[in-house]
Amino acid sequence: MERRTLDLLIIGGGLTGVVAARRARQLGLDVLVVAAAPGSLPYTSGALDLIAVYPTETKHYRPSPWEALAELVEHEPDHPYGKVGLGGVQRAWEDVACYLETGPLRYFRRREENLLLVTAAGTLKPTHLVPHSMRANVLAWESKEPTLLLGFERLVDFTPEHAAENLRDRWPGLRAARVDASAVLGEERRARVAELAAAFERPAFRERFAEMVRPRLGSARYLGLPAVLGFDNVVTVVEDLERLLEVPVFEIPLLSPSLPGMRLADLLKADLIDDGVEVLQGQPVVRLERGGDRVVGAVWRGQSVERRLEAESVILATGRFFGGGLVAGRSSVTEPLLGLTVEAPPSRDSWHMRTFLGAPGHPINRVGLVTDAELRPLAPEGRPVFSNLLAAGAILAGHDWVREKSGAGISVVTGHAAAERAGRRVGGRP
Amino acid sequence: MKLETQALVIGGGLTGAGVLRDLALRGVEAVLVERKDIDAGASGANHGLLHSGGRYAVNDPESARECVAENAILGRVAAGCVERTGGLFVALPGDPERYADDFMQAAGAVGLEARPLAAREALELEPRLHPGITTAIAVPDASINPFMTTVANLADAEERGARVLLHTQVTGMRREGDRVVQVTCLDSRTGREIVVEAGQVVSAAGPWVDRIGAMAGVEIPIAYSKGSLLITNSRLTDRVINRLRPPGDGDIIVPGETVTITGTTSIRVQNLDHLTTSAAEVDLLVDHASRMVPALADARFIRAYAGVRPLVASRSAEYSDRGLSRTFSVFDHEEDGLTNLATITGGKLTTYRLMAERVVDLVCGRLRVESPCRTAELPLPGSEEGAALDARERLDRLAAPPPGGEVICECEMVGRDRVDAIVRRLRRAGHPVDPNALRLRSRLGMGSCQGGFCGFRTVGLLYRDGHVAGHEGNETLIRFLERRWGGLRPVLWGDQLRQEQLLEAIYCGTLNIDGDL
Amino acid sequence: MSRPWEQLRRALMAEGGDSCLACGACVAGCPVADWSEERLDPRRVVRLIQYGAGDRVVDCDWIWHCTLCGRCGFTCPSGIDAGQLVAAARGLVARDRSPGQVQKTADLHRTTGNNMQLTPEQWIETVEWMRDELADEVEGLEVPVDRPGADLFLTVNSKLPMYYPADLQDIYKIFHAAGVSWTLSSTWWEGTNYAMFTGDLETWEHTLRQQVARVHELGCPTVAYTECGHGYYATLAGLERFGIDHRFEVVHKVTLYARWIREGRFRLDPSRNPGLFTLHDPCNAVRKAAMAGFRSIADDARFVLRHVCADFVEMIPNRDANYCCSGGGGALIAGFKRARTHYGRTKVEQVDRTGAGQVCTPCVNCFDGIDNLARDFKRPWRPVHLWTLLARAIVLE
């Protein structure tokens, strides 16, 4: 592997890392992304949340994310959104939203409002940026028109009745049914998410599927399906189905792994590579090397040999516990690459509430790296640990993205902001 | 609703189930009421250990003798629920050297087969033992699945005409003279009141026997001793491992089919509700157990749980909890002026059958029923001759992906057909159908994700087949998730925390099930 | 419990197997997940080993339907590579019960120095025969054999002399045009290592050491590894794993082609390769190489391809997210044809969607894998080697 000194090394290939890389590239930086795993997007709905609940103590749902953000930034300056500032949040979100709106997944939003998505459990999920394949999901709920939710025999990850029964009191025109796709899939193929998605990519399958479904539509003005409508060609698939069935068609996100989330992850990565950014996946960084008050290099393993790269600036976008950015022992939480300070309640009994789903959320979720306004992690005495190390994304302290419904927003905004701050440092300027 | 029966059994743990079966086998018409689902007390919160008697040989020979006998009996009649793992008592440097000799001597005295082993041999058998063990003794400890055993007892009883009413709580008794003439119950699912008139009443309510007794105006002195246990993600030893020294905290490690269960503590509590396991308790258990099997220090634990042992506290002032005899007590309540109430409490899982036999002997005597007890001879359903599986076969049976149909629980390979079959049985018996009921009767939800994924799929199936409607399914799902939370919360570090973070992300993120929208 | 259980558990723990969150990412990308009555997939293999049911994993056919493509490990959020577990399980299968021809091929490599049992004489005869034919067209063509001190030691997949000898001429032309110092070897020239597929660590190490010794004997500073994905991977991985001292570096030939193009060593005419091409990424030389920290040929192959053909379209997904050709892991000769065909449907759909007439496959096994698919699925597209395209595009003065 050639040795070179990058402008920016980004550790972490999830939403945070790729958004940061994209921004860095726009700024003309020589940037490389190294990641252990694909990040959390494959486990999300594919829609991007900005913020929908604030404050979490009262579970107050906020139809307008910007109003909520204005409040949050004022009351919680140490929240990642607070660190970036309202203006920074708006800029970052606008940049990424425009990119996704004009890209092949054709995301859409209403600038001032959160949108409500129908979920597989018949609950409503508030979010902000929605992929095209779920556009009609939002509209169908808003219209309350007669709608058919269709499941597949033997696909146990989605039961249309589960969703329909829970929404029926507010949406009497919602109906559930299922089709047996095995005849069309072929007997050797089980009705799994990946199989169905591959099938939907084929025009011939879509036609036969439409033939099966047409007689079942009845008076339905919308058709909802589990999120199996193809891979990267999903927009074509949806439009073709709409043409064949003459009703708007939408996806309902499934649990794990989630195709819409995977599509977004793949798109972001592919665009980065097209832009000339190297993305090394499946290659966990094992050590960061220090030189004075700077992080100078990253080391990761091959089979048993170590490799090394040097960088002017480093962004740590390694996520929380799931991604390995934070590690919880029995009584403390650590940041494994540099041993950065993470303050957690000393007794595990205080890490989680006594109920799983209750407000305001689990204290451990707010634990993470405390940073300065430049997004540099701080030592206990309040100075940045390294002059050229920034942190972004879920690893930051002071938020509870699961309860605020702000996960994507925090990733996008702090990734974007970290890249800008790193960009200002290029050439050794503080 | 009024119900008349010869015998009423209160308590759906393993003791109650054993009593019901014994009564049914002796031809006594019987009804069992349980306020929750099966094994809601200590029967559902124990080690799953079928004692050889080794643990009690030195300090409690009476208990030890019972264990020796029952180990052999259950090994036969409950063979389908038992895995003959064998056990090792191991000594570490610093453990009293005399204890090994005392052990062997005591073993001889109680009829326990015990074989001393050199440390080297023990390590060959169990490579994960601490390399510094000094000596070991092999005994016929075994692993028993209490849920399967309870289900088998109840199934056999029902087959022979007994009735089982779950989610049916005893709310009061009416006593006239020397008899309990009425027992009032409440079906918590329907809100319906059921009045039972029974010839004889047996209270097998574990640590709740004092409350039941109070309803009949009798006082039963019970001390509550909570024991916490931990379950690992995977099976770390093949055999039961005990510490070769006087019994203490955290010195038992039991393989439970695909996992390892380790415990336990012994903490007096005043309250039977809302049992929790603190982080400190968990840490203590991990520290103690890892002295025998170092791998436990870094193991991933998937759940912590606690059960309460009822200790008959007649001499409570004189002994620590461990000193109180673990053998059982049968109260005939003649001193309390009653001729048709019996209480069975104390004891341990291993002696459930014997406990049942004793109290049913008493009850049958009062009913003038002369049939003998046959529970030591008649195999339980699923444990017939030749049904006993060796460890390999058993694991194969458990571990195999189901032959057809969708898989509902990936962690424990529970397939759609199995779920449907259990649902059918529950419906036929009039029991409520929910993910927890399925969990108790299969391994659904007992694996790494503790029901996180399969709970959702199961509720989908329930909606699909019309067992729930409207918001019921989501309410059930949330109850299931909150229930499992109790066991998860104490072990949320390392990978189990990662697991939980994934599930919280899915439920609160993708599904927003915590929202009120 | 029996030994397989314990050994697989150790392999599992080495992968960090207790970290599995049952998320199913591995299942989503596996072309043979739950496809047969055995109902296995990467997640279930991890689970079975955790249970202690190692025997079931060792005895099943599914571990031979798996092509060790590495996709599962690539997508796992806990970093567990189920492929390593499959490889470990294969290693626990008794050698004489190894299915199909995979172990037998590895044994031939060990005893004869190559998979096809060619003697040095037979090998050299073919080398020279192809040279003599090509020398009519290419003035000054030299094909060195056993030249000490040559810069590049070239390995060759034995399928070439055995089944596709004319391909040797493409390779000669390229090396000739590049004007580099290179040599073939009369012994230990094989550019594969099937023992890696059966988990036969002994044979893997033995054959690799023999080749290392030969390279040292000739004193070549660089091994130019032929287009055989697993051979490249097995060499780099084996050098590390077995701690073999070596005084040379290993470079994939495609990397050399790219380098030579950049250095301006060729005059290229891409119009000599008309039609629409797409590119298959060999698992071992791209995804698995990258994950292991070896150089992936993904960028190099694309660079070369863009210079030797006019019209190129990527298949989706591509690079380290690409799907296996269906012939990996010894699948071509393991004897499970139905599994391989079922596996290949994903690759077929990928190629169909590109509309390309030719699939460039920089790997000999991938070439055969895709060729089989084209015939089994009755498709009009065909595989083509990158060396073929390069040789054709090279304009010799």
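Residues numbered from 1 in each chain as written. Chains lettered and ligands numbered in written order. Predicted model: local features only at pLDDT ≥ 70, side-chain atom pairs only at ≥ 80, totals over all residues.

Draft legend 1. Region of the structure containing the overall build of chain C. Counting secondary structure elements, chain C contains 20 helices and 8 strands. Across chain C, the fraction of contacts at a sequence separation of at least 24, relative to all contacts at a separation of at least 6, is 82%. (Helix = DSSP H or I, 4+ residues; strand = E, 2+ residues; numbered from the N terminus. Contact = placed C-beta atoms within 7 Å.)

Draft legend 2. Geometry of the overall build of chain A. A count of helices and strands for chain A gives 12 helices and 15 strands. Against the compact-globule benchmark of 22 Å for 430 residues, chain A has a radius of gyration of 23 Å, which places it among compact chains. Expressed as lengths along the three principal axes of its C-alpha atoms, the size of chain A is roughly 70 × 50 × 40 Å. The proportion of buried residues among the 430 residues of chain A is 57%. (Rg over C-alpha atoms; globule rule 2.2 N^0.38 Å. Buried ≥ 20, exposed ≤ 12 C-beta atoms within 10 Å, placed from the backbone.)

Draft legend 3. View of the sheet that holds strand S3 (residues 222-225) of chain C. All names here are of chain C. The parallel open sheet is built from 4 strands, whose spatial order is S2-S1-S3-S4. Each having just a single partner strand, strand S2 (182-183) and strand S4 (249-252) make up the two edges of the open sheet. Direction of pairing for strand S1 (residues 152-154) relative to S3: parallel, over a ladder of 3 bridges. Bridged to Leu-154 within S3 is Ala-224. Packing against the sheet, helix H15 (residues 253-262) makes contact with S3 and S4, and its axis sits at approximately 75 degrees to S4. (Pairing = 2+ DSSP bridges. Axes fitted to C-alpha atoms, helices over the stretch in contact; angles between N-to-C directions.)

Draft legend 4. Representation of the nonpolar core. If you look at the biggest cluster of nonpolar residues, it comprises 451 residues, and the most contacted ones within it are Leu9(A), Ile315(A), Leu20(B), Val90(B), Val202(B), Leu85(C) and Leu390(C). Look past the residues within four positions of Leu20(B) in its chain and what remains in contact with it is Val9(B), Ala30(B), Leu32(B), Asn153(B), Leu154(B), Ala157(B) and Ala162(B). (Core = buried A, V, L, I, M, F, W, Y, C linked by C-beta atoms within 7 Å.)

Draft legend 5. Representation of the interface of chain A and chain B. Contact residues are listed per partner, giving 42 residues for chain A and 44 residues for chain B. Those elements giving two or more residues to the side of chain A that touches chain B turn out to be strand S4 (124-127), helix H5 (160-167) and helix H11 (401-404) of chain A. A per-class count over the side of chain A that touches chain B returns 17 nonpolar, 14 polar and 11 charged. (Nonpolar A, V, L, I, M, F, W, Y, C, P; charged D, E, K, R; others polar.)

Draft legend 6. Spatial organisation of the interface of chain B and chain C. Every contact between the two is made by 20 residues of chain B and, on the other side, 18 residues of chain C. The set of elements that each furnish at least two residues to the side of chain B that touches chain C consists of helix H10 (391-399) and helix H15 (494-510) of chain B. Considering only residue class, the side of chain B that touches chain C consists of 8 nonpolar, 5 polar and 7 charged.

Draft legend 7. Expanded view of the domain arrangement of chain C. Residues and elements named next belong to chain C. Domain boundaries assigned for chain C yield domain 1 (3-93), domain 2 (102-262) and domain 3 (270-393). Between domain 1 and domain 2, the residue contacts involve 4 residues of the former and 4 residues of the latter. Classifying every residue of the side of domain 1 that touches domain 2 gives 2 nonpolar, 1 polar and 1 charged. (Domains from an automatic or database assignment.)

Draft legend 8. Molecular detail of the sheet that holds strand S5 (residues 276-279) of chain C. Residue and element names in this part refer to chain C. Spatial strand order, S6-S5-S7-S8: 4 strands in an open sheet with parallel pairing. This sheet does not close on itself; its edge strands, each paired only once, are strand S6 (311-312) and strand S8 (382-384). With 3 bridges joining them, S5 and strand S7 (residues 358-360) adopt parallel strand pairing. Bridge pairing links Leu-279 to Cys-360 in S7. Set on the sheet, helix H19 (residues 364-376) makes contact with S7 and S8; between it and S8 the angle comes to about 165 degrees.

Draft legend 9. Structural detail: the environment of Leu316(A). Residue and element names in this part refer to chain A. In this structure, Leu-316 sits in strand S12 (residues 306-316). For the pair formed by Leu-316 and Ile-10, sequence separation is 306 residues and the distance between their alpha carbons is 6.3 Å. Residues in contact with Leu-316, not counting those within four places in the same chain, are Ile-11, Gly-12, Leu-389, Ala-391 and Ile-395.

Draft legend 10. Summary view of the domain arrangement of chain A. Residue and element names in this part refer to chain A. Under the domain assignment, chain A is made up of domain 1 (5-103 + 263-425) and domain 2 (120-252). The straight-line distance from the C-alpha centre of domain 1 to that of domain 2 is 34 Å. Listed per partner, the contact involves 15 residues of domain 1 and 11 residues of domain 2. When contributions to the side of domain 1 that touches domain 2 are tallied by element, the ones reaching two or more residues are helix H3 (80-101) and helix H10 (259-274). It is H10 that provides the largest number of residues to the side of domain 1 that touches domain 2, a total of 3 residues. Considered class by class, the residues forming the side of domain 1 that touches domain 2 number 9 nonpolar, 2 polar and 4 charged.

Draft legend 11. Structural view of H5(A). For H5(A), the buried fraction is high: 8 of the 8 residues fall into the buried class. Those residues of H5(A) lying buried are Pro160(A), Glu161(A), His162(A), Ala163(A), Ala164(A), Glu165(A), Asn166(A) and Leu167(A). Looking at the packing, one finds that the buried side of H5(A) touches strand S3 (115-118), strand S5 (147-152), strand S6 (174-179) and strand S8 (249-252) of chain A together with helix H13 (452-464) and helix H14 (472-488) of chain B.

Draft legend 12. Broad picture of the environment of Gly186(A). With respect to the element layout, Gly186(A) can be found in the loop between helix H6 (182-185) and helix H7 (193-200). Taking the C-alpha atoms as reference points, Gly186(A) and Leu259(A), separated by 73 residues in sequence, lie 22 Å from one another.

Draft legend 13. Structural view of the pairing of strand S12 (residues 192-203) of chain B. All names here are of chain B. As paired elements, strand S1 (residues 2-10) and S12 share 8 bridges and run parallel to each other. From the neighbouring strand, Ala-7 faces S12, where its bridge partner is Gln-200. Two elements, strand S11 (residues 179-187) and S12, share 5 bridges in a ladder whose sense is antiparallel. Within S12, the position partnered with Asp-187 by the bridge is Arg-192. Between S11 and S12, which follow one another and run antiparallel, lie 4 residues, and Gly-191 among them has a positive phi close to 80 degrees. Bridging between S12 and strand S20 (residues 341-346) involves 3 bridges; their strand directions are parallel. Bridged to Val-201 within S20 is Leu-341.

Draft legend 14. Just the confidence of the model for chain C, in detail. Across chain C, pLDDT averages 94, with 99% of residues at or above 70. Interface scoring of the predicted complex returns ipTM 0.96; its pTM is 0.94. (pLDDT = per-residue confidence, 0-100.)

Draft legend 15. Expanded view of the packing of helix H13 (residues 201-218) of chain C against helix H14 (residues 229-241) of chain C. All names here are of chain C. Contact geometry for H13 and H14: axes closest at 10 Å, N-to-C directions at 95 degrees. If you check the angle between H13 and H14, you find them roughly perpendicular. In contact with Trp-204, Glu-205 and Leu-208 of H13, H14 contributes Ala-234, Thr-235 and Gly-238. Its residues assigned to classes, the contact of H13 with H14 shows 3 nonpolar, 2 polar and 1 charged. (Parallel < 35°, antiparallel > 145°, perpendicular 65-115°, else oblique.)

Draft legend 16. Summary view of helix H18 (residues 337-354) of chain C. Residues and elements named next belong to chain C. Taking 1.5 Å per residue, 18 residues should reach 26 Å; H18 reaches 26 Å between its end C-alpha atoms and fits that length. Largest kink in H18: about 35 degrees, centred on Arg-345. Residues of H18 that are buried include every one of Ala-339, Arg-340, Tyr-343, Gly-344, Arg-345, Lys-347, Gln-350 and Val-351, and no others. Taken together, the buried residues of H18 touch helix H5 (62-65), S5, S7 and H19. One or two steps after H18, the chain reaches Gly-355, where phi turns positive at roughly 75 degrees. (Expected span 1.5 Å × (residues − 1). Bend = angle between axes of the 7 residues up to and from the residue.)

Draft legend 17. Looking closely at the packing of H3(A) against helix H12 (residues 407-425) of chain A. Residues and elements named next belong to chain A. With their axes 8 Å apart at the nearest point, H3 and H12 run at an angle of 95 degrees to one another. Comparing the axis directions of H3 and H12 gives the class roughly perpendicular. On H12, the residues that touch Pro-80, Tyr-81, Val-84, Gly-88, Val-89, Ala-92, Trp-93, Asp-95 and Val-96 of H3 are Gly-409, Ile-410, Val-412, Val-413, Thr-414, His-416 and Ala-417. Considered class by class, the residues forming the contact of H3 with H12 number 11 nonpolar, 4 polar and 1 charged.

Draft legend 18. Region of the structure containing the pairing of S3(A). Residue and element names in this part refer to chain A. Of the two faces of S3, the one lined by Leu-115 and Leu-117 and the one lined by Leu-116 and Val-118 are each fully buried. Sheet topology note: the S3/S4 ladder contains 4 bridges and is antiparallel. The residue bridging Leu-116 from the neighbouring strand is Pro-126, located in S4. Between S3 and S4, which pair antiparallel one after the other, the connecting turn spans 5 residues, and Gly-122 there sits at a positive phi close to 70 degrees.

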